[in-house]
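# A look at the structure
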Amino acid sequence: MNEWLRGRAKEMRREPVLYERRLWKLLRDRRLDGLKFRRQVVIGRYIADFVCLRHRLIIEADGPTHDGGPHDLERDAFLREQNFRVLRFPNADIENRPHAVVSAILAAVACDPADEPFLR
């Protein structure tokens, strides 16, 4: 694994941006339906904000640098190739609609194809 990337992820864990801190308050310590999330996880050449490995689910807090441009599309395609699902939430939703964010995460987990034995 790229040492620079690991160091950057560690730095991001130590000094999270405002909306990542707010989202982490909802996800940490198995607070959300007992789900275990890790933050700032290196996957390939990318750092995912929050990852639930059991459900192969990535949660991203999207600030102004995420505009749905080519970089985001390439990144999401790579993560899907690694069998992850990606949910992106704009900062405004994290701030103003945290219940909707939580509901969307729980809905994604509820329809997790990994839980269906015949799909494995």
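Please refer to the structure higher up on the page.
Notes on the structure in this doc start here.

Conventions we followed
Residues numbered from 1 in each chain as written. Predicted model: local features only at pLDDT ≥ 70, side-chain atom pairs only at ≥ 80, totals over all residues. Heavy atoms only, no water. Buried < 20%, exposed > 50% of the residue type's maximum accessible area, 1.4 Å probe, protein only. Helix = DSSP H or I, 4+ residues; strand = E, 2+ residues; numbered from the N terminus. Pairing = 2+ DSSP bridges. Phe/Tyr/Trp six-rings, centres within 6.5 Å; stacked < 30°, edge-to-face > 60°.

Attention now moves to the pairing of strand β3 (residues 57-62). Burial of β3 is extensive: six of the six residues sit out of reach of the surface. Side chains L57, I59 and A61 project from β3 onto one buried face, and the interleaved I58, E60 and D62 project onto a second face that is buried too. As judged from the three bridges shared by strand β2 (residues 46-52) and β3, these two strands associate in the antiparallel manner. Residue pairing in the sheet places C52 in a bridge with L57 of β3.

Our focus in this paragraph is the pairing of β2. Burial analysis of β2 places seven of its seven residues in the buried class, the great majority of the element. Alignment of strand β1 (residues 38-43) against β2, held across five bridges, turns out to be antiparallel. Across the sheet, residue I43 finds its bridge partner in β2, namely Y46. Joining the antiparallel neighbours β2 and β3 is a turn of four residues, in which R56 adopts a positive phi near 50°.

Here the focus is the packing of aromatic side chains. If you walk through the whole model with that rule in mind, you get two aromatic pairs. Here the aromatic rings of W24 and F50 are separated by 5.7 Å at their centres, their planes lie at 10°, and the arrangement is stacked. With W24 in helix α2 (residues 18-27) and F50 in strand β2, this residue pair connects regions lying 26 residues apart in the sequence. Exposure remark for F50: the relative accessible area of 1% places this residue in the buried category. Their ring planes at 50° and their centres at 5.5 Å tell us that Y46 and F78 sit as a pair that is tilted. Of the two residues, Y46 sits in strand β2 while F78 sits in helix α3 (residues 70-81), which places them 32 residues apart along the sequence. Owing to a relative accessible area of 6%, Y46 belongs among the buried residues under this scheme. Among the residues examined, F78 registers a relative accessible area of 19% and is labelled buried.

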